[in-house]
Amino acid sequence: MASPGPKSPEQSDRSKKYDRQIRLWGEHGQSRLDLCHVCLVNATTLGTEILKSLVLPGIGAFTIVDGHMTSEKDVEANFFLDSDSVGKSRAEIATKLLMELNSDVRGDFVDESVEQLLNNSPDFFDNFTVVYAVSLPERTLLPLSKKLWSQGIPLIVCRSFDLRLDKPFPALTALVDAINLDSMTLKDHAHIPYVVLLSKALQEYRKRHPGSHPLKKAEKDELKQILKDLKLRDENGDPLEEENFEEAIRAVNAEIQPSIIPSNVTDILNDPCCINLTSKSNPFWITTRALKDFVEGEGGGLLPVRGSLPDMTAETSRYISLLTAYHDQSQRDVESVFRRAQQLLVELNLPPDTITEKDVKHFSKHSHDLHVVRGRSIADEVDPRTANTQEIASQLEDPESLMPLYVIMRGIDRFYTEHNIYPGSFDESLEPDIVELKSIVNKLLAELGISSIGKDDLIHEFCRYGGSELHAVSAFIGGCAAQEGIKFITSQYKPINNTFIYDAMTAQSSIYVL
Amino acid sequence: MPWKRPLSGLYFSGWSVSRFEVMSGSVEMEVQSDDSPMPAAPKSWMRNAMERSGPFCLPDFDHRPGALHSVLGQIQVQFLFRRNDIGRSKAEVAANFINNRIPGVNVTPHFCKIQDKDEDFYRQFHVVVCGLDSVPARRWMNGMLHSLIEYDDDNTPITGTNIPLVDGGTEGLKGNARVILTGTSACIECTLGLYPPQVTYPLCTIANTPRLPEHCIEYVKIIQWPKENPYQCEIDGDDPAHLCWIHEKSVERASHFGITGVDYKLVQGVVKNIIPAVASTNASIAAVCANEVFKLATGVCKPLNDYVVLNQSDGVYTFAFANEKREDCLVCGRKANILNIKEDAKLEELISKLCQDDGARMKNPGLTTNVNGKQMTLYIATVPSIERQTRPNLKKTLTELGLVNGAEIVVADETSPMSMTFKLNFI
């Protein structure tokens, strides 16, 4: 499985090579990428496009599972199969050509079908970081999905027909949203950082209105007036231009929020996984619990201080001391959370290196932006008893919605299961296929208790493409799907929850929880 | 449809500033010309859609197969390069790779600046795809393609002279793509406001009250380097010795002010203005562009109308919308350009107006005019000897220079391949 290469001498070379992406997800994100092992089921055009965008940024290793032989049709649409590969194992050729992209990445392949693998070696999939399943019929997808769901391994399912696509996946792990603070533009010259000005104005406001905090527009306007009154005046009594005051007034709306814990974080702190820790709890929930204990203890109801400060018009020394104050408090808060996490590890009988101080530092810094995304299993999605029929029905009533595409794609899947061919594949059967697909879609909707959609032109359009796969459309979805995988691997940025539909005719897309 | 004609060539321009440094870029894909023998059979993977008409086709779609493999190329080219290609022209490597991997496609590389090619060069293509990394280069290409349009008596672009421009760009997890049907849809110049102004730090902050590590690096870059000139040359962001020197001096300056956080990586980022980039976003945006070229080339589906943004940081978000054409656009507007200005304004005020107005945003304009039938150079900054001669004009008022209400001045700037004429309107 994945093991990192020798680190020290290569380090600088690696950093250089991946510089532009490390600026996005940091060294800690890159090292998670180095350690991961990604599995791709089926090396179709879409499949290889996904791996392309994972091999280039340097994942540790990949494995392709594909029992198919390469056909003429594969070669025409797939950049990672060459004309000499017809008749050879698709897994083998794609692995070879993908490895050429990046010598740091190890690749191997298994030229067996998923069905065979699940039967013969059921534990095969247990050690992957992320599994991608492309063009897998429902009957094979369901057992694979159940297996991975029980192991807690993210599964990303992708499919691309003609100009329209669909990409549902059950999101599993918790994600830390690591979007950085926007740094503000700075203006030329003044003396007092606006943070100080705001605090002063706020003190004055509290003097006038004891126990209250400016929230409504009128109250904020009063605060702005206080700031204006604080400005220096010229001999005529007119206020002078002072850039830092302008900054403070502008910041009133954004910065004078009551310091409360955002609801997304409160929900996480009150989550049963956070409250009821066991020795099987993962480090995320243990750290979250440490955070909760901190908030309820020395944090005094607040999250750790972030320790960063936007740039503002100010003298160097004043700015630096302000920054130091924020930084020191943040450091103290991190230490508290870390101590509590270590305490929890002892209680749970877990090794102390399960959570390092560095982890806690990242965690605390971004604790305002914590998000947990829980997906749904594909089994729940397709079973009419658990399907999200309400969402499907209400979306279908909206003429702008992309939901009809989802329903038709489910219909095409069933068409394929029943006839072993995509609708519209042959000119002779084009018209009958349109009629058949329409009746399948209506039957599917009837099972969900929804009346027919009457989107005949869309059904016609799908049949017109006859299941053909456009390279450019696959490449688009491949790029998105690869990035979703990287989000899981690095635990940064928020993943899709849980079905993404893209219409390449208009370049519009939507996300549905299904 | 005015933009539809048989495809004889596709042109991919460079991803990098001024050279054809590719990203599949700088690649011309010669496929077949109008009078070539029967086009090659379409690829079977698209045969169905190509041969059948459908509800979302262009109205006069004529099911013409062929010309199809021209769209196989992508504007994202990282995946075409290998370690041992370092040091070779990106255009050549990309062209060779595509030619070898996909039989039947003929890619011709051009290793040069986009500005090195003339109108005749660009006129031979049916679609131009840009993966440029700077706004001025985009404006130049936009201006070039608009200059090729010929109009009929009704002021409608003559079919075939209007070459569509497909443009894409990315930064980190964000990206955008657009289709410009030249002469019909909003052009790059109509929507200059979409590009944020570049982040710059005021000089006095850098010099007197630095607070961020970036301020210290900027100081060394723009003040200390020219003063001490340690290597007797301009800064080369790729020379490790230069970066080391800047790093060392920046650390010194930062510690003097008690600022932390200057490291080598940040120095590199500031000096070279590095924009974060990731393969997946590039792949997706390149795919959107390729798909649009495919639609334009085959008429299989209506093209994008006309702009789409992509953001992959919170789920995957896309939003498509149509930009509005500016009637007074300097490039695609068919009106004379009026420049409203005070009668007693100085020439330097007029120049700064040209640089700051959202409609113009020029970089370094050169101005000439005609006074009493005589050609007169008002100011040209790019040629040192002329700059010295014309510098005194900057402080003169327009009247002192002999300019009257309604006078025409001709302006040349790096943001456009042609010069533009402005009519003065005194207010």
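The rules behind the values
- Residues numbered from 1 in each chain as written.
- Chains lettered and ligands numbered in written order.
- Predicted model: local features only at pLDDT ≥ 70, side-chain atom pairs only at ≥ 80, totals over all residues.
- Heavy atoms only, no water.
- UniProt positions renumbered as here; feature names shortened; annotations may be inferred.
- Helix = DSSP H or I, 4+ residues; strand = E, 2+ residues; numbered from the N terminus.
- Buried < 20%, exposed > 50% of the residue type's maximum accessible area, 1.4 Å probe, protein only.
- Contact = heavy atoms within 4.5 Å.
- Areas by Shrake-Rupley, 256 points an atom, 1.4 Å probe, with all protein chains shown as cover.
- Core = buried A, V, L, I, M, F, W, Y, C linked by side-chain atoms within 4.5 Å.
- pLDDT = per-residue confidence, 0-100.
- Expected span 1.5 Å × (residues − 1).
- Arc of directions from axis to C-beta.
- Pairing = 2+ DSSP bridges.
- Axes fitted to C-alpha atoms, helices over the stretch in contact; angles between N-to-C directions.
- Phe/Tyr/Trp six-rings, centres within 6.5 Å; stacked < 30°, edge-to-face > 60°.
- Parallel < 35°, antiparallel > 145°, perpendicular 65-115°, else oblique.
- Left-handed = near helix turned anticlockwise from the far one by under 90°.
- Nonpolar A, V, L, I, M, F, W, Y, C, P; charged D, E, K, R; others polar.
- Salt bridge = Lys/Arg side-chain N within 4 Å of Asp/Glu carboxyl O.
- Right-handed = clockwise from strand over helix to strand, strands pointing away.

- Chain B goes by NEDD8-activating enzyme E1 catalytic subunit in an unreviewed UniProt entry, where it is assigned to Cloeon dipterum.
- Under the Pathway (unreviewed entry) heading, UniProt states for chain B: "Protein modification; protein neddylation."
- For chain B, the Sequence similarities (unreviewed entry) comment in UniProt is given as "Belongs to the ubiquitin-activating E1 family. UBA3 subfamily."

- Chain A appears in an unreviewed UniProt entry as NEDD8-activating enzyme E1 regulatory subunit from Cloeon dipterum.
- Within the UniProt record for chain A, the comment given under Sequence similarities (unreviewed entry) is "Belongs to the ubiquitin-activating E1 family. ULA1 subfamily."
- Here is the UniProt Pathway (unreviewed entry) comment for chain A, exactly as written: "Protein modification; protein neddylation."

1. Observations concerning the overall build of chain B
Next up, step 1: Broken down by element type, chain B carries 11 helices and 13 strands.
Next up, step 2: Classification of the 427 residues of chain B by burial places 55% in the buried group.
Next up, step 3: In chain B, 63% of the contacts between residues at least 6 apart in sequence involve partners at least 24 apart.
Next up, step 4: As displayed, chain B has an accessible area near 18700 Å², and 49% of this comes from carbon and sulfur atoms.

2. Some words on the overall build of chain A
Next up, step 1: A tally of helices and strands in chain A yields 21 helices and 10 strands.
Next up, step 2: Within chain A, contacts between residues at least 6 apart in sequence are counted, and of these 67% link residues at least 24 apart.

3. With respect to the nonpolar core
Note on soluble globular proteins: their nonpolar side chains tend to be buried together.
Next up, step 1: Membership of the largest hydrophobic core comes to 75 residues, with the highest contact counts inside it found for Ile50, Leu54, Ile64, Tyr132 and Phe476 of chain A.
Next up, step 2: Of the residues forming this core, the biggest block, 10 residues, is contributed by helix α21 (residues 471–490) of chain A.
Next up, step 3: Setting aside anything within four residues of it in sequence, one finds Tyr132 of chain A in contact with Val38, Cys39, Leu40, Val41, Ile50, Leu54, Ile156, Ala481, Ala482 and Gly485 of chain A.
Next up, step 4: Phe245 of chain A together with Trp225, Val262 and Val270 of chain B belong to the second largest nonpolar core, which has 33 residues in total.

4. Digging into unusual backbone geometry
Next up, step 1: With omega at -25 degrees, the peptide bond leading from Asn305 of chain B into Asp306 of chain B counts as cis.
Next up, step 2: Within the element layout of this structure, Asp306 of chain B appears in the loop between α9 (279–298) and β7 (307–311).
Next up, step 3: Of note in this structure, Asn42 of chain A is not a glycine but carries a positive phi near 80 degrees.
Next up, step 4: Here Asn42 of chain A lies in the loop between β1 (37–41) and α3 (45–55).
Next up, step 5: Among the residues examined, Asn42 of chain A registers a relative accessible area of 7% and is labelled buried.
Next up, step 6: Of note, the phi angle at Asn420 of chain A is positive, near 60 degrees, even though the residue is not glycine.
Next up, step 7: Residue placement: Asn420 of chain A occurs in the loop between α18 (403–419) and α19 (430–447).

5. Here we look at the confidence of the model for chain A
Residues and elements named next belong to chain A.
Next up, step 1: Confidence along chain A averages 77 in pLDDT terms, with 84% of residues attaining 70 or more.
Next up, step 2: Within chain A, no element has a lower average pLDDT than strand β7 (residues 174–176), which sits at 22, and none a higher one than strand β2 (residues 61–65), at 94.
Next up, step 3: Note on residues 1–11: pLDDT under 50 across the span, and 12 contacts to partners over four residues away in sequence or across chains.

6. Some details on α19 of chain A
Residue and element names in this part refer to chain A.
Next up, step 1: For α19, built from 18 residues, the straight-helix expectation of 26 Å at 1.5 Å per residue is met to within 8% by its first-to-last C-alpha distance of 26 Å.
Next up, step 2: Taken residue by residue, α19 has Leu430, Asp433, Ile434, Leu437, Ile440, Val441, Leu444 and Leu445 as its buried positions. Taken down its axis, α19 places every buried residue within 135 degrees of arc, on the same side. For α19, exposure combined with an orientation more than 90 degrees from the buried face picks out Glu431, Val435 and Ala446.
Next up, step 3: At its buried positions, α19 is contacted by α17 (389–397), α18 and α20 (456–465).

7. Remarks on the sheet that holds strand β9 (residues 337–341) of chain B
All names here are of chain B.
Next up, step 1: One open sheet accounts for 5 strands, arranged β9-β13-β12-β10-β11; its pairing is mixed. At either margin of the open sheet sits one strand with a lone partner, and together these are β9 and β11 (374–379). Across the sheet, the mean angle separating the axes of adjacent strands is 35 degrees when strand polarity is ignored.
Next up, step 2: Pairing geometry for strand β10 (residues 366–371) and β11, over 5 bridges, is antiparallel.

8. Let's talk about the packing of aromatic side chains
Next up, step 1: The full count for this structure, using the stated rule, is 13 aromatic pairs over all chains.
Next up, step 2: Between the aromatic rings of Phe125 of chain A and Phe128 of chain A, the centroid separation amounts to 6.3 Å while the plane-to-plane angle is 55 degrees, which identifies the pairing as tilted. The residues Phe125 of chain A and Phe128 of chain A share a single accessibility class, namely buried.
Next up, step 3: Between Phe121 of chain B and Tyr122 of chain B, the aromatic rings sit 5.2 Å apart at their centres with planes inclined by 85 degrees, giving edge-to-face as the arrangement. Comparing Phe121 of chain B with Tyr122 of chain B shows no difference in burial state: the two are buried.
Next up, step 4: Ring-pair connections join several aromatic residues into one group, and the members of that group are Phe124, Phe125 and Phe128 of chain A.

9. Topic: the packing of helix α2 (residues 19–35) of chain A against helix α8 (residues 264–272) of chain B
Next up, step 1: Across the interface, α2 of chain A lies against α8 of chain B with an axial gap of 12 Å and an inter-helix angle of 115 degrees. One finds that α2 of chain A runs roughly perpendicular with respect to α8 of chain B. Viewed along their axes, α2 of chain A and α8 of chain B form a crossing whose handedness is left-handed. Packed against α2 of chain A, whose contacting residues are Asp19, Ile22 and Arg23 of chain A, the element α8 of chain B presents Lys265, Gln268 and Gly269 of chain B at the interface.
Next up, step 2: Looking at the contact of α2 of chain A with α8 of chain B residue by residue, the class counts come to 1 nonpolar, 2 polar and 3 charged.

10. Let's talk about the pattern of salt bridges
When their charged atoms lie close together, side chains carrying opposite charge are able to pair.
Residue and element names in this part refer to chain A.
Next up, step 1: Inspection of every chain in the model, using the stated rule, returns 22 salt bridges over all chains.
Next up, step 2: The residue Arg23 makes a salt bridge to Asp19 at a minimum N-O spacing of 3.0 Å. Remark: Asp19 and Arg23 occur in helix α2; sequence separation between them is 4 residues, near one turn of the helix.
Next up, step 3: Its relative accessible area of 24% is what places Arg23 among the partly exposed residues.

11. Considering the confidence of the model for chain B
Residue and element names in this part refer to chain B.
Next up, step 1: Per-residue confidence for chain B gives a mean pLDDT of 74, with 75% of residues at or over 70.
Next up, step 2: In the predicted structure, residues 1–45 sits below a pLDDT of 50 and forms 187 contacts with residues beyond four places in sequence or in another chain.
Next up, step 3: In the model, residues 58–77 has pLDDT below 50 throughout and makes 91 contacts with residues more than four positions away in sequence or in other chains.

12. Side note on α3 of chain A
Next up, step 1: Most of α3 of chain A sits out of view: 11 of its 11 residues are buried.
Next up, step 2: Restricting attention to buried positions, one finds in α3 of chain A the residues Thr45, Leu46, Gly47, Thr48, Glu49, Ile50, Leu51, Lys52, Ser53, Leu54 and Val55 of chain A.

13. Details of the pairing of strand β5 (residues 165–171) of chain B
All names here are of chain B.
Next up, step 1: Within β5, 5 of the 7 residues are buried, which leaves the element mostly enclosed by the surrounding structure.
Next up, step 2: Here 3 bridges tie strand β4 (residues 127–130) to β5, and the two strands are oriented parallel to one another. In the sheet register, Val129 faces β5, and the bridge partner there is Val166.
Next up, step 3: As for the winding sense of the linkage, the β-α-β connection from β4 through helix α4 (residues 135–147) to β5 is right-handed.
Next up, step 4: Judged from the 7 bridges that link them, β5 and strand β6 (residues 174–180) form a sheet pairing that is antiparallel. Residue pairing across strands places Leu165 opposite Ile180, the latter belonging to β6.
Next up, step 5: Here β5 folds back onto β6, and the loop between the two strands holds 2 residues, one of which, Gly172, carries a positive phi near 60 degrees.

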